[in-house]
Amino acid sequence: QVQLVESGGGLVQPGGPLRLSCAASGSIFSTYAMGWYRQAPGKQRELVAVFTTGGSTNYADSVKGRFTIFRDNAKNTVYLQMNSLKPEDTAVYYCNVYYISILAIRHDFWGQGTQVTVSS
């Protein structure tokens, strides 16, 4: 079982930076995918950034060049550095960890979510 605890959300002015952290406990392996999703009011949850099981990174087009995901495997922690924030980045951000079993089944674990509000 994997437990995820997010931190770092809050209120920030447009153009400002914010860093989110997600600490994972339990059995985590470097081959697990770790990433961030977000959900704005009235919208579906969407991928923001992820380290895939193969170790590559993927970003949503809307955050490319502004957000950076990085991880510290020794600490089982994944971070999301968000720069040049826009009001449309306002959402609840969720940490996600998943792995693919030998039966090709995806197993997801989610954090509780942290609110990010971009407003002047």
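Structure: see above.
Cut-offs applied
Residues numbered from 1 in each chain as written. Predicted model: local features only at pLDDT ≥ 70, side-chain atom pairs only at ≥ 80, totals over all residues. Heavy atoms only, no water. Helix = DSSP H or I, 4+ residues; strand = E, 2+ residues; numbered from the N terminus. Rg over C-alpha atoms; globule rule 2.2 N^0.38 Å. Buried < 20%, exposed > 50% of the residue type's maximum accessible area, 1.4 Å probe, protein only. Contact = heavy atoms within 4.5 Å. Areas by Shrake-Rupley, 256 points an atom, 1.4 Å probe, with all protein chains shown as cover. Pairing = 2+ DSSP bridges.

Undergrad: Which residues make up the overall build of the protein, and what values go with them?
TA: Helices and strands together make up the secondary structure of the protein, namely 0 helices and 11 strands. Beginning at the N terminus, the succession of helices and strands in the protein can be written as β-β-β-β-β-β-β-β-β-β-β. Taken over the C-alpha trace, the protein has a radius of gyration of 14 Å; the compact-globule value for 120 residues is 14 Å, and the two agree within 12%. For the protein, the proportion of its 120 residues judged to be buried stands at 44%. For the protein, restricting intrachain contacts to residue pairs at least 6 apart in sequence, the fraction spanning at least 24 positions comes to 53%. Total accessible area computed for the protein in this model is approximately 6,400 Å², and 51% of it derives from carbon and sulfur atoms.

Undergrad: A description of the pairing of strand E11 (residues 114-118) should follow, citing residues and the corresponding values.
TA: Residues Thr114, Val116 and Val118 point to one face of E11 and are all buried, whereas Gln115 and Thr117, pointing to the other face, are not buried. Pairing analysis gives 3 bridges linking strand E2 (residues 10-12) to E11, with the strands arranged parallel. When the sheet's bridge partners are listed, Val12 is paired in E11 with Val118. Bridge analysis of strand E9 (residues 91-100) against E11 gives 3 bridges, and the strand direction is antiparallel. By the bridge assignment for E11, Tyr93 is matched with Thr114.

Undergrad: Outline the side chain of Asp89, listing residues and values.
TA: Relative to the assigned elements, Asp89 resides in the loop between strand E8 (77-82) and E9. Residues within four places of Asp89 in sequence aside, it is in contact with Arg38, Arg66, Phe67, Ser84, Val116 and Val118.

Undergrad: Can you lay out unusual backbone geometry for me, pointing to particular residues and giving the numbers?
TA: Of note in the backbone geometry, Asn76 takes a positive phi value of approximately 50 degrees without being a glycine. Its identity is not glycine, yet Ser84 carries a phi of approximately 50 degrees, on the positive side. Residue placement: Ser84 occurs in the loop between E8 and E9. By relative accessible area, which is 41% here, Ser84 ends up partly exposed.

Don't take any of this as a statement about function, it's just geometry.
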